Amino acid sequence: MEKKMNIHGLRLFHHVATTGSFTKAAELMRISQPAVSSQIKKFEQEIGIILFKPHGRGVLLTEFGKELAEKAQNFFAFEKKIEGFIDNHRHGKAGSIHIAATYLPANFLIPKWAATFKAHNEEINLFIHTTNSQGAFDQLKQFKADIAIYGGGVSERPDEIEWEELLEDELWFVVSPTHPLANQCISLQEMVKEPFIMREEGSSTRERLFSLCQTFQVEPPKIALQFNGLNETIHSVMAGYGANFISSLVVREYVENHQLARVFVQDICVKNKIAICTRKNEKKSLLVSNFIDTCKLSLEKTRA
């Protein structure tokens, strides 16, 4: 059976070789000089090779000792690097965070949060995957993501996730400013007669529109055009065709600039919840906790 390297003996040898003195090595190791001499002799016996030769009142490295000293220098330098690597991860200074986000927070909130976080945590990698609600929750449950950042209704919240609400916004019906329904107040039944431009199936907002129709017992609208992204749906409506049901966070600026117009639907007030989701009963890593704290602080500054 192969004998394992005596790391303590190698460390003693390293200190003697780098300081050139048994006494200085003893001070570094906080042991007596005779103990250093004794343990170096024991280390030489273990490896079966002489490391030092007498020279006047001191010692010199043998040729093998010089080569071993160089390798020991590299070894302990790498040891320090590993210790630093572990320390950085322990204190949240390095590593990676994988974020699964639905389209609303991915496009309108996370860019600012990520930039703020990276400004103070340059060594930490952020990987952000934009997907629909189901995809975000699946990635979290399958351990493909450390965090899911979700924008939508509370009813879609899976039981196995920890849910921390950050803010809420209202969902609006919008059309082109030239549309006959622009700025009008109508019933839901009239609204859903319009062709709608929506995101793909699995989209939280699309599901909530259909759920709304079911609650009020009206026929759901025809989805005339379907896109995978928010910007495509917005620009199609701006071009003058159809309507959309969408977060006010997304379209508020377009409405204020008269590029889109609201349609006020009687008795309808639907709110979006923006939440940070993690796996239930799992202790958050320091990296994840720090990122969540950055998101909260950014929102507090926005509200101030």
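Throughout this description, residue numbers start from 1 for each chain and increase along the sequence as written. Only residues with pLDDT of at least 70 get local features here, since the model is predicted, and only at 80 or more are side-chain atom pairs given and counted; chain-wide, interface and lining totals rely on the full set of residues. Only hydrogens and water are set aside; all other atoms, that is, all heavy atoms of the structure, feed into the side-chain values.

**Topic: the overall build of the protein chain**
Part 1 of the reasoning: Helix and strand counts for the protein chain stand at 12 helices and 12 strands.
Part 2 of the reasoning: In terms of overall dimensions, the protein chain is more spread out than a globule: its C-alpha atoms have a radius of gyration of 32 Å, far above the 19 Å expected for 304 residues.
Part 3 of the reasoning: Expressed along its principal axes, the backbone C-alpha trace of the protein chain runs to roughly 105 × 40 × 30 Å.
Part 4 of the reasoning: With 304 residues in all, the protein chain has 44% of them scored as buried.
Part 5 of the reasoning: Working rule for contacts: check all heavy atoms of both residues, and any pair within 4.5 Å makes them a contact. By sequence separation, contacts in the protein chain at least 24 residues apart represent 74% of the contacts at least 6 residues apart.
Part 6 of the reasoning: Counting every atom, the protein chain has about 17,400 Å² of accessible surface; 50% of that belongs to carbon and sulfur. Each helix is a run of DSSP H or I of at least 4 residues and each strand a run of E of at least 2, with the numbering of both proceeding from the N terminus. The size measure is the radius of gyration over C-alpha atoms, and the globule rule it meets is 2.2 Å times the number of residues to the 0.38 power. When accessible area is computed with a 1.4 Å probe and restricted to protein chains, residues below 20% of their type maximum are described as buried, those above 50% as exposed, and intermediate ones as partly exposed. Computed with the Shrake-Rupley method and a 1.4 Å probe, the accessible areas treat only the protein chains shown as cover for residues.

**Observations regarding the pattern of salt bridges**
Part 1 of the reasoning: Any carboxyl oxygen of Asp or Glu that lies within 4 Å of a side-chain nitrogen of Lys or Arg is treated as forming a salt bridge with it. For the coordinates displayed, the defined rule picks out 11 salt bridges.
Part 2 of the reasoning: Put simply, Glu 165 and Lys 273 hold a salt bridge, and the shortest N to O gap is 3.7 Å. One end of the pair, Glu 165, is in strand S6 (residues 161-175); the other, Lys 273, is in strand S12 (residues 270-279), with 108 residues separating them in the sequence.
Part 3 of the reasoning: According to the relative accessible area criterion, Lys 273 is buried, its value standing at 19%.
Part 4 of the reasoning: Within this structure, Glu 165, Glu 168, Lys 271 and Lys 273 form a network of salt bridges that share partners.

**Quick notes on the packing of aromatic side chains**
Part 1 of the reasoning: Two rings from Phe, Tyr or Trp (for Trp, the six-membered ring) form a pair when their centres are within 6.5 Å of each other. A pair whose planes differ by under 30 degrees is stacked, one over 60 is edge-to-face, and the rest are tilted. The final tally for this structure, using the stated rule, is 8 aromatic pairs.
Part 2 of the reasoning: The rings of Phe 13, Phe 22 and Phe 52 are connected pair by pair, giving a single aromatic cluster.

**Describing the pairing of strand S9 (residues 223-227)**
Part 1 of the reasoning: Two strands pair if DSSP finds at least two bridges between them. Across 4 bridges, the pairing between strand S8 (residues 196-199) and S9 is parallel. Residue pairing for S9: Arg 199 is matched across the bridge by Phe 227.
Part 2 of the reasoning: In terms of handedness, the path from S8 via helix H9 (residues 204-215) over to S9 forms a crossover that is right-handed. A clockwise course of the path from the first strand over the helix to the second, judged with the strands pointing away from the viewer, identifies a crossover as right-handed.

**Let's talk about the environment of Ala 100**
Part 1 of the reasoning: Residue placement: Ala 100 occurs in strand S3 (residues 95-101).
Part 2 of the reasoning: Apart from residues no more than four positions distant in its own chain, Ala 100 is found in contact with His 129, Ala 136, Gln 139, Ala 145, Ile 147, Ala 148 and Ile 149.

**Considering the confidence of the model for the protein chain**
Part 1 of the reasoning: Note on scores: pLDDT gives the predictor's confidence for each residue, bounded by 0 and 100. Model confidence for the protein chain is summarised by a mean pLDDT of 89, while 96% of its residues fall at 70 or above.
Part 2 of the reasoning: Strand S11 (residues 261-265) holds the highest mean pLDDT among the elements of the protein chain, 97, whereas strand S2 (residues 58-61) holds the lowest, 82.

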